[in-house]
Amino acid sequence: MNKEKHFMVTKLIVSGEKMGDEETQVIEAVELEAVMTGRVQVLDWHALQNREVWKQGWVA
């Protein structure tokens, strides 16, 4: 996208859920920052599991 290839996860967006006496936090989305341009976007974290679009690590 926009010729950007490398991104860092800079923030986890979580929500709290109360179950009985305990409160758990659930990750809903991630904030990604493009390494070269600094552009920030919010993305559902499940989208990162699509291996046809996203690759983990630095790819040459």
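Since the model is a prediction, treat every value here as computed from it, not as a measurement. (Residues numbered from 1 in each chain as written. Predicted model: local features only at pLDDT ≥ 70, side-chain atom pairs only at ≥ 80, totals over all residues. Heavy atoms only, no water.)

### Structural notes on the overall build of the protein
Now for step 1: The helix and strand tally for the protein stands at zero helices and three strands.
Now for step 2: The C-alpha radius of gyration computed for the protein amounts to 14 Å, which surpasses the reference 10 Å derived for 60 residues by more than 25%, pointing to a less compact arrangement than a globule.
Now for step 3: Overall size of the protein, expressed as C-alpha extent along the three principal axes, is 50 × 25 × 15 Å.
Now for step 4: Out of the 60 residues belonging to the protein, those deemed buried represent 13%. (Helix = DSSP H or I, 4+ residues; strand = E, 2+ residues; numbered from the N terminus. Rg over C-alpha atoms; globule rule 2.2 N^0.38 Å. Buried < 20%, exposed > 50% of the residue type's maximum accessible area, 1.4 Å probe, protein only.)

### Concerning the packing of aromatic side chains
Now for step 1: If you walk through the whole model with that rule in mind, you get one aromatic pair.
Now for step 2: Look at phenylalanine 7 and tryptophan 54: their rings are 5.4 Å apart centre to centre, the planes differ by 75°, and that puts the pair in the edge-to-face class. In this pair, phenylalanine 7 sits in strand S1 (residues 7-19) while tryptophan 54 sits in the segment after strand S3 (40-44), placing the two residues 47 residues apart along the sequence. (Phe/Tyr/Trp six-rings, centres within 6.5 Å; stacked < 30°, edge-to-face > 60°.)

### A look at the environment of asparagine 2
Now for step 1: Counting through the fold element by element, asparagine 2 comes out in the segment before S1.
Now for step 2: The exposed category is assigned to asparagine 2, whose relative accessible area is 56%.
Now for step 3: Spatially, the C-alpha atom of asparagine 2 lies 9.9 Å from that of arginine 39, the residues being 37 residues apart in sequence.

### Observations concerning a nonpolar patch on the surface
Now for step 1: Together, Val9, Leu12, Val14 and Ile27 make up an exposed nonpolar region whose accessible area comes to about 320 Å².
Now for step 2: With three residues, S1 is the single largest residue contributor to the nonpolar patch.
Now for step 3: Within the secondary structure layout, isoleucine 27 lies in strand S2 (residues 22-34).
Now for step 4: Its relative accessible area of 37% is what places isoleucine 27 among the partly exposed residues. (Patch = residues over 30% accessible without salt bridge, like charges linked within 9 Å, V, L, I, M, F, W, Y side chains within 5 Å. Areas by Shrake-Rupley, 256 points an atom, 1.4 Å probe, with all protein chains shown as cover. Salt bridge = Lys/Arg side-chain N within 4 Å of Asp/Glu carboxyl O.)

By themselves these figures say nothing about function.
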